[in-house]
Amino acid sequence: MPEPQTTRGSFWERHGRSWAVTAMSIVLALLVGAIVMIVSDPEVVTQYAYLFTAPQLPLGASWAKVSSAYSALFFGAVGSPYALAMTTAQAAPLICAGLGVGLGFRAGLFNIGAQGQAVIAAILAAWVGFALPMPPVLHLVVAVLAGLVGGAVWGGIVGFLKARTGAHEVIVTIMMNYIATGILAWLLTTDAFLRPGSRDPISPPVEPTAIFPAFYGQFHLGFVVALLAAALTWWLIERSTIGFAIRAVGANPRAAATAGMSVGRITIVTMVLSGLLAGLAGTQFALGPGGQGVPTPLSAGLVGTVGFDAITVALLGRSSPIGIVFAGLLFGGLHSGGLAMQSMAGTPVTMAMLLQALIVLFVAAPGLVSAITPYLRAPKNKSLVGGQA
Amino acid sequence: MSTVAAARTPELDVHESRDARRARLSAGALLVALGAILAILSTRTAGATAYALSGYFDAVQLPTVTVPAGPTVIACAVLVIASGIVFLAGRLPAGARTAAAVVGGIAVVLGFITWAVAGSQLPFQVSNQFAGTIALATPLVLGALCGVLCENAGVVNVAIEGQFLVAAFTAAVVGSVTGSTTAALFAAVLAGVLMGAMLAVFSIKYLVDQVVLGVVINLFASGLTGFLFDQLVQPNSGDLNSSPLLEPIAIPGLSAIPFLGPILFNQTILFYLAVLSVAFVSWLLYRTRWGLRVRSVGEHPEAADTVGVSVRGMRWQAVLLGGAFAGLGGAFFTIGSTGAFIKDITVGNGFIALAALIMGRWNPVRAALMAVFFGFVTQLASQLQSLGTPMPSQLLLMLPYLATVIAVAGLIGRSRGPAADGVPFVK
Amino acid sequence: MTNATTGGLRLEGITKRFGSFTANDAVDLDVRPGEIHCLLGENGAGKSTLMNVLYGLYQPDGGQIVVDGEPRTFSNPKQAMAAGIGMVHQHFMLVDVFTVAENVMLGREGAFVLNKERARARVREIGERYGMPVDPDAVVEDLPVGLQQRVEILKALANDAEILVLDEPTAVLTPQEIDELMGVMTALRDEGKAIVFITHKLREVRAIADRITVMRRGKIVGHAEPGTSEADLAEMMVGRAVDLRVDKAAAEVGDVRLQVSDLRVTNVAGVVVVDGLTFDVRAGEVLCVAGVQGNGQSELADAILGNMPVASGTITLDGRDITRANPHDTIAAGVGFVPEDRQADGFVSSFSIAENLVLNRFDQPPFSRGPALALPQIQDNAERLRQEFDIRTESISAPLSSLSGGNQQKVVLARELSRDLALLVASQPTRGVDVGAIEFLHRRIVEERDTGTAVLLVSTELDEVEALADRVLVMYRGRVVGIVPPETPRDVVGLMMAGVPYEEAVASAENPTPRAEAVATQGAAERGEHA
């Protein structure tokens with residue numbers, strides 16, 4: 001299990017290097033992405049027949065291809081206020097679920113189940129949103145709370161099983177993801193979740209009273225909530241007694257138990273909180289206004305792959321809430337930029353997903369990044385602080 | 001339950017660990033509960049249930065058996081409860097318990113189907129059920145074998161899904177380009193091995209957490225195949241996504257056996273390979289030097305190291321060989337079924353293979369049996385859906401996942417993997 | 001030392017340092033074929049380090065290894081094995097789920113397809129030859145520990161080992177199993193194998209050794225003949241070189257604070273590890289639990305804390321029943337706990353010193369305010385304790401892992417002693433700690449006693465027992481051998497630690513030769529005697 005611990009000490013030495021590795025990982029991922037783009041475009045590849053006779057043809061075509069794709073990506077992510085707004089909307093659920101996964105990491109728990117927790121939350125939030133009419137504000141609050149409870153319960157089950165029976169959370173969460181997906185698929189065949197007179201597996205739209213109000217474009221209250229969640233999570237981990245126990249159990253469960261902490265209880269609490277944050281991501285999908293100003297109605301693919309994206313976000317953010325906010329914004333930008341890349345440069349949006357996986361792959365293997373870029377290599381066996389007394 | 005336990009002789013207690021006892025009692029309780037559910041369902045079961053033993057187009061037509069639904073469900077419920085009691089009693093030898101498990105299992109399935117199909121206009125297609133089971137189980141068996149090899153060597157593989165996906169894509173494209181299913185199969189195997197190599201490099205050389213790695217590799221596979229599909233294959237689907245399909249190979253003589261013949265002996269090469277692979281992997285793991293070393297490396301790498309076994313070397317070999325099986329399994333999704341690739345065509349089958357591996361307790365034969373069971377359930381779900389039964393098929397499809405959760409929670413049998421599974425070896 | 005024999009093993013001037021700590025200081029040792037050479041020493045004397053150097057697990061900082069007259073360097077165990085060295089590790093290197101035959105054949109399987117029949121035959125053959133039959137088809141995890149150890153020995157023999165190292169082989173065995181092992185060792189010796197037998201148990205040494213080398217604090221301190229009395233061996237092993245006597249006033253003993261009655265504790269495997277223990281500790285006294293490692297002391301400490309379930313019996317603290325209390329409650333009830341393995345149980349090494357100093361009080365005032373940590377108070381507390389306990393660090397925000405062993409232990413002790421305690425349970429509080437820190441830690445423990453706290457100190461170091469104890473409880477196999485005053489001669493205590501009752505121990509210590517012989521007899525002695 002990864003145990004991303006904050007080893008105190010020379011702040012810059014540690015963080016400077018990890019920033020450098022992250023930056024280098026992004027560059028490497030963009031390079032690999034460029035290569036994939038070039039070799040998969042028949043028109044560009046055919047130009048390589050002239051590599052030795054007229055090198056400007058293939059190189060120019062490659063450059064045109066890659067530069068147009070990446071500039072569209074960049075433009076779509078941060079190129080205009082509207083693009084920025086969209087990036088925040090894409091980033092909000094990633095930040096929330098990333099916080100959940102990251103919190104789990106801090107307790108030494110691997111929550112692969114953010115996906116299922118988000119699905120359950122989306123189901124409940126959307127259902128409250130379309131089936132229970134309520135006055136404004138209250139409706140939104142209740143819908144969000146319903147989602148949080150759903151996510152927390154779904155995560156809590158895993159924590160309970162782990163604490164009581166030792167069932168490994170990785171396996172259980174993977175399976176719980178599919179169970180959640182199955183429940184959604186089943187609900188979308190029942191009358192309670194379908195539009196009257198329709199058998200299409202799509203729920204009625206959420207009432208306007210339960211939608212996160214938008215400020216500009218797709219920039220809506222949900223993103224503010226995500227930032228608040230990050231601040232709260234930071235406080236929880238670094239400043240609260242529960243966070244202290246979570247970190248202690250994550251770093252050394254035996255010592256934590258000897259010091260009187262209940263490892264089982266902390267495991268359950270962590271999974272509940274982790275599920276709750278993943279649930280918040282689910283409500284972002286269910287209640288966050290999309291391009292048309294209304295949320296996408298509940299359907300099979302509503303939450304996308306947020307649970308798995310969240311793992312990449314938590315890894316890239318090194319499980320720290322601040323890091324996760326930046327990582328979420330980066331990948332949110334990648335998602336919204338990916339859409340622009342598709343429409344403007346004709347490069348499929350799936351490239352964004354590929355880039356995301358590549359970035360994390362490189363970040364997770366600093367040894368590989370260092371091997372490629374030797375000047376980032378860490379000084380070996382250098383103790384951070386102090387010495388033998 | 002406590003009185004039952006108290007009645008047991010002390011010698012028997014000596015041979016039963018607390019885990020085993022808990023597993024036995026929970027299995028018994030589960031069976032009794034299932035029996036009780038069936039009994040309740042039987043009160044709402046009316047009419048008759050028809051079982052069609054042959055498909056419409058089979059050469060030899062077997063009769064359609066019709067049973068009165070209510071009494072059949074009741075009978076099954078009694079059998080299930082009886083077998084549960086055998087478990088709870090615990091005084092019987094292991095053989096009797098196995099028999100009880102088999103009887104209980106079959107009675108659960110039969111009772112459930114009888115209830116679900118009762119009163120339906122159409123008969124339940126038995127041969128269709130078995131044929132579908134085999135088709136669905138083929139990739140699961142191959143994927144589970146990949147996991148068996150990796151995890152016995154101590155490398156957790158949650159990237160079977162990604163290996164499937166890349167192999168399925170490769171098979172479709174290579175099959176389309178070459179027009180040869182053989183070339184497509186080889187390409188798929190190569191793709192599976194390359195994905196295995198990716199797993200190996202990052203986990204064995206760069207010591208990346210194996211679960212993290214698996215998740216990321218799955219995203220990578222989804223992104224890569226998705227991008228190449230959008231960019232390259234979709235616009236040229238005539239050239240790149242119209243692979244010929246694997247043809248069923250009828251085994252002379254055997255395929256003419258009524259009922260079983262068409263199901264077991266008129267299948268594509270992938271099915272035969274899957275069956276042979278189970279035997280091959282079992283042989284390899286338990287009968288050869290290579291297997292002994294692989295397992296030692298997964299259980300106690302330091303012990304293996306002190307007797308001169310190369311821990312990293314064995315892990316590499318196991319992961320690469322596993323990749324070959326995952327590649328074959330992946331090929332099934334395209335050239336083994338529809339021929340064309342679509343995005344995320346494997347829809348979680350890699351994870352079901354992982355579940356089969358865990359339920360099969362890391363043993364190739366048991367994992368394959370679990371894969372067949374999962375295939376059976378999935379096929380049952382789709383059959384029942386088409387018969388319009390009271391049981392929602394979506395809930396049935398959750399069964400493999402639910403069963404796995406129950407299994408890892410230790411309710412039915414202790415699920416213990418290789419001791420050093422997922423633990424990087426640092427010298 | 002070098003008597004021109006070409007066979008066997010010679011270690012010449014082996015030196016091994018870990019940082020500033022010298023684990024082996026110019027150690028010489030020679031072992032000849034056909035002898036059992038006993039390496040005797042207390043825990044931490046450097047025996048295992050020496051053997052790990054021999055087996056290629058550590059590289060020496062000086063000296064050389066000579067096998068059959070040829071200097072060799074081993075950079076890994078495989079090379080050592082190839083040179084004919086076999087090691088029976090204290091923690092067995094066996095694959096639990098494999099059969100005996102599979103374990104023995106691993107690494108030298110022969111053909112690609114396993115010939116299990118041949119492996120079985122080999123197991124049977126070696127087993128019969130040395131009088132240690134094992135069922136080749138038994139799965140290792142199902143075997144009792146004694147048989148597992150046999151498999152380890154078989155593994156080494158199957159590899160044609162000529163020099164066998166057994167590292168504390170009796171630590172995990174029952175008396176009957178020890179007898180059997182002694183028989184096997186004698187048979188191996190008679191076959192011409194060179195055997196290094198590492199132990200700290202005097203009776204075993206006398207029963208079987210052909211020659212004895214005693215190690216203390218990383219150095220060879222002497223050689224002894226097998227006839228040497230146990231009292232003399234004990235003195236050599238324990239030594240009197242360092243006097244760690246603490247200036248302490250006589251205990252002003254008050255009321256009973258900790259009362260343990262008929263306590264039984266079983267471990268995970270269901271084995272009884274604490275067997276009917278009854279004792280009390282009074283206010284203002286130090287009760288030392290002395291005993292060889294693994295005789296139930298750790299489990300006793302864990303059971304008092306509530307970290308291990310109690311099978312039967314009761315534990316009361318100031319009259320309150322804490323038998324079933326969990327660590328959180330016992331800590332709140334005023335139990336201070338210094339765990340035996342501080343790396344694993346005592347602190348979180350990635351946490352700061354300040355955080356570790358409140359590890360068991362972080363959720364109570366003044367260190368918390370509602371759900372929040374009170375960081376200023378946590379900082380103040382750390383600064384104060386850093387001064388008071390002389391914790392040497394640049395910053396209290398530094399991770400605990402940056403401290404030396406002695407300072408890490410100071411953090412643990414500071415944390416426990418900074419609260420109002422009714423009882424302090426300290427296990428091996430000075431293990432792996434430099435001499436300067438030992439003095440300090442001892443002084444603090446005595447000061448705590450003088451405030452009226454009951455102190456239960458678990459130690460395997462007789463020096464420490466002598467320095468701190470007001471009464472000494474000797475434990476052997478989970479039971480009390482006796483409770484004796486601290487002035488009791490250490491050879492008597494040493495004998496009691498081997499399970500000899502007080503009267504017998506006193507008698508044999510005074511009159512070594514005839515009585516000690518009688519004590520050493522446990523079936524094994526006869527076999528060892530003819531050496």
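Caption draft 1: Representation of the overall build of chain C. A tally of regular secondary structure across chain C gives 20 helices and 22 strands. A globule of 531 residues ought to have a C-alpha radius of gyration of about 24 Å, and chain C, at 25 Å, matches this closely. Viewed in the frame of its principal axes, chain C has a C-alpha envelope of about 70 × 55 × 45 Å. Out of the 531 residues belonging to chain C, those deemed buried represent 52%.

Caption draft 2: Local environment of the overall build of chain B. Secondary structure summary: chain B contains 19 helices and 5 strands in total. Here the C-alpha radius of gyration of chain B, 23 Å, is about what a compact globule of 427 residues would show, namely 22 Å. With the C-alpha coordinates of chain B rotated into their principal frame, the extents come out at 55 × 55 × 40 Å. Residues classed as buried in chain B amount to 53% of the 427 residues present. Considering only contacts in chain B between residues 6 or more positions apart, those separated by 24 or more positions represent 76%.

Caption draft 3: Spotlight on the packing of helix α6 (residues 126-152) of chain B against helix α17 (residues 364-387) of chain B. All names here are of chain B. Where α6 contacts α17, the axes come no closer than 7 Å and their chain directions differ by 140°. With respect to α17, the axis of α6 lies oblique. For the element pair α6 and α17, the recorded crossing hand is right-handed. Here N128, Q129, G132, T133, L136, A137, L140, V141, A144, L145 and V148 of α6 come into contact with α17, specifically with P364, A367, A368, A371, V372, F374, G375, F376, T378, Q379, L380 and Q383. Classifying every residue of the contact of α6 with α17 by side-chain character gives 15 nonpolar, 8 polar and no charged.

Caption draft 4: Quick peek at the domain arrangement of chain C. Residues and elements named next belong to chain C. Segmenting chain C into domains produces domain 1 (9-238) and domain 2 (256-501). Spacing between the C-alpha centres of domain 1 and domain 2 amounts to 34 Å. Counting residues at the interface gives 12 residues for domain 1 and 11 residues for domain 2. Of the residues belonging to the side of domain 1 that touches domain 2, the class tally is 5 nonpolar, 3 polar and 4 charged.

Caption draft 5: Up close: the interface of chain A and chain B. The partner chain B presents 36 residues to the 41 residues of chain A that form the contact. Of the residues contributing to the side of chain A that touches chain B, the split by class is 31 nonpolar, 9 polar and 1 charged.

Caption draft 6: Layout of the sheet that holds strand β9 (residues 211-216) of chain C. All names here are of chain C. Spatial ordering of the open sheet is given by β6-β7-β8-β3-β9-β10, a layout of 6 strands whose pairing is mixed. Looking at which strands have only one partner, the edges of the open sheet turn out to be β6 (85-88) and β10 (219-224). Strand after strand, the sheet turns through a mean of 20° between neighbouring axes, direction not considered. Sheet topology note: the strand β3 (residues 35-40)/strand β8 (residues 194-199) ladder contains 6 bridges and is parallel. Bridge assignment links H37 to a residue of β8, and that residue is V196. This element, helix α1 (residues 47-54), spans β3, β6, β7 (163-167), β8 and β9 of the sheet and lies at about 145° to β7. Docked against the sheet, helix α5 (residues 145-158) engages β6 and β7, running at close to 170° with respect to β6.

Caption draft 7: Seen up close, unusual backbone geometry. For the peptide bond that leads from P365 of chain C to P366 of chain C, omega is 5°, which places it in the cis range. As for its position among the elements, P366 of chain C is in the loop between α12 (353-356) and β17 (368-369). Residue D344 of chain B is not a glycine yet carries a positive backbone phi of 50°. Among the structural elements, D344 of chain B can be located in the loop between α15 (311-338) and α16 (349-359). For R217 of chain C, which is not glycine, the phi torsion reads 50° and is therefore positive. With respect to the element layout, R217 of chain C can be found in the loop between β9 and β10.

Caption draft 8: Structural context of the interface of chain B and chain C. With 15 residues of chain B at the interface, the matching set in chain C holds 14 residues. Counting residues per element, the ones that place at least two in the side of chain B that touches chain C are α13 (289-299) and α14 (301-306) of chain B. With 5 residues, the single largest contributor to the side of chain B that touches chain C is α13 of chain B. The residue inventory of the side of chain B that touches chain C, partitioned by class, reads 6 nonpolar, 5 polar and 4 charged.

Caption draft 9: Up close: the nonpolar core. By size, the foremost hydrophobic cluster in this structure holds 439 residues, and its most contacted members are A122 and A310 of chain A together with A356 of chain B. With 15 residues, helix α9 (residues 210-233) of chain B is the largest single contributor of residues to this core. Sequence-distant contacts of A356 of chain B, defined by excluding residues within four places in its chain, comprise L140, A144, A367, M370, A371 and F374 of chain B.

Caption draft 10: Geometry of the packing of helix α4 (residues 81-106) of chain A against helix α11 (residues 263-287) of chain A. Residues and elements named next belong to chain A. Between α4 and α11, the least distance of the axes is 8 Å, while the angle of their chain directions is 170°. Taken as axis vectors, α4 and α11 run roughly antiparallel relative to one another. Contacts from A92, P93, C96, A97, L99, G100, V101, L103 and G104 in α4 reach T270, L273, S274, G275, L277, A278, L280, A281, Q284 and F285 in α11.

Caption draft 11: Summary view of the sheet that holds strand β2 (residues 64-68) of chain B. Residues and elements named next belong to chain B. An order of β2-β1-β3 is seen for the 3 strands of this open sheet, with the pairing classed as mixed. Each end of this open sheet is capped by a strand with a single partner; those strands are β2 and β3 (124-125). Relative to β2, strand β1 (residues 48-52) runs antiparallel, the two being bridged by 5 bridges. When the sheet's bridge partners are listed, A50 is paired in β2 with T66.

Caption draft 12: Examining the domain arrangement of chain B more closely. All names here are of chain B. The domains assigned to chain B are domain 1 (2-122) and domain 2 (128-408). Domain 1 and domain 2 are separated by 30 Å when their C-alpha centres are compared. Each partner contributes residues to the interface: domain 1 has 10 residues there, and domain 2 has 10 residues. Grouping the constituent residues of the side of domain 1 that touches domain 2 by class yields 6 nonpolar, 3 polar and 1 charged.

Caption draft 13: Focus on the pairing of β8 of chain C. Residue and element names in this part refer to chain C. Buried residues dominate β8, accounting for 6 of its 6 residues. Of the two faces of β8, the one carrying A194, V196 and I198 and the one carrying I195, F197 and T199 are both buried. As paired elements, β7 and β8 share 5 bridges and run parallel to each other. Each bridged residue has a counterpart across the sheet, and for D167 the counterpart in β8 is I198.

Caption draft 14: Representation of helix α4 (residues 116-129) of chain C within the structure. Residues and elements named next belong to chain C. With 14 residues, α4 extends 20 Å between its outermost C-alpha atoms, agreeing within 8% with the 20 Å of an ideal straight helix rising 1.5 Å per residue. Here α4 has its buried residues at A119, V123 and G127. Seen end-on, α4 carries its buried residues on one side only, within an arc spanning 65°. Across from the buried face of α4, at angles greater than 90 degrees, the exposed residues are E117, E125, E128 and R129. Among the structural elements, α3 (100-105) and α5 are those in contact with the buried residues of α4. G131 lies just past α4 and shows a positive phi near 65°.

Caption draft 15: Region of the structure containing the environment of G131 of chain C. All names here are of chain C. Considering the arrangement of structural elements, one finds G131 in the loop between α4 and α5. Judged by the 12 C-beta atoms lying within 10 Å of it, G131 falls in the exposed class. Once the C-alpha coordinates of G131 and M185 are considered, the two residues, 54 residues apart in sequence, prove to be 9.9 Å apart. Residues in contact with G131, not counting those within four places in the same chain, are G183, V184 and A187.

Caption draft 16: Inspection of the pairing of strand β20 (residues 454-459) of chain C at higher detail. All names here are of chain C. Most of β20 sits inside the fold, with 6 of its 6 residues counted as buried. Two elements, strand β13 (residues 286-290) and β20, share 5 bridges in a ladder whose sense is parallel. Considered in β20, the bridge of V286 is made with V455. Taken together, the 5 bridges between strand β19 (residues 423-427) and β20 define a ladder with parallel strand orientation. Bridge assignment links L423 to a residue of β20, and that residue is A454.

Caption draft 17: Just the environment of G132 of chain B, in detail. All names here are of chain B. Of note, G132 is situated in helix α6. When the 19 C-beta atoms within 10 Å are taken as the criterion, G132 is described as partly exposed. For the pair G132 and L380, spaced 248 residues apart in sequence, the C-alpha separation works out to 8.6 Å.

Analysis parameters
- Residues numbered from 1 in each chain as written.
- Chains lettered and ligands numbered in written order.
- Predicted model: local features only at pLDDT ≥ 70, side-chain atom pairs only at ≥ 80, totals over all residues.
- Helix = DSSP H or I, 4+ residues; strand = E, 2+ residues; numbered from the N terminus.
- Rg over C-alpha atoms; globule rule 2.2 N^0.38 Å.
- Buried ≥ 20, exposed ≤ 12 C-beta atoms within 10 Å, placed from the backbone.
- Contact = placed C-beta atoms within 7 Å.
- Axes fitted to C-alpha atoms, helices over the stretch in contact; angles between N-to-C directions.
- Parallel < 35°, antiparallel > 145°, perpendicular 65-115°, else oblique.
- Left-handed = near helix turned anticlockwise from the far one by under 90°.
- Nonpolar A, V, L, I, M, F, W, Y, C, P; charged D, E, K, R; others polar.
- Domains from an automatic or database assignment.
- Pairing = 2+ DSSP bridges.
- Core = buried A, V, L, I, M, F, W, Y, C linked by C-beta atoms within 7 Å.
- Expected span 1.5 Å × (residues − 1).
- Arc of directions from axis to C-beta.

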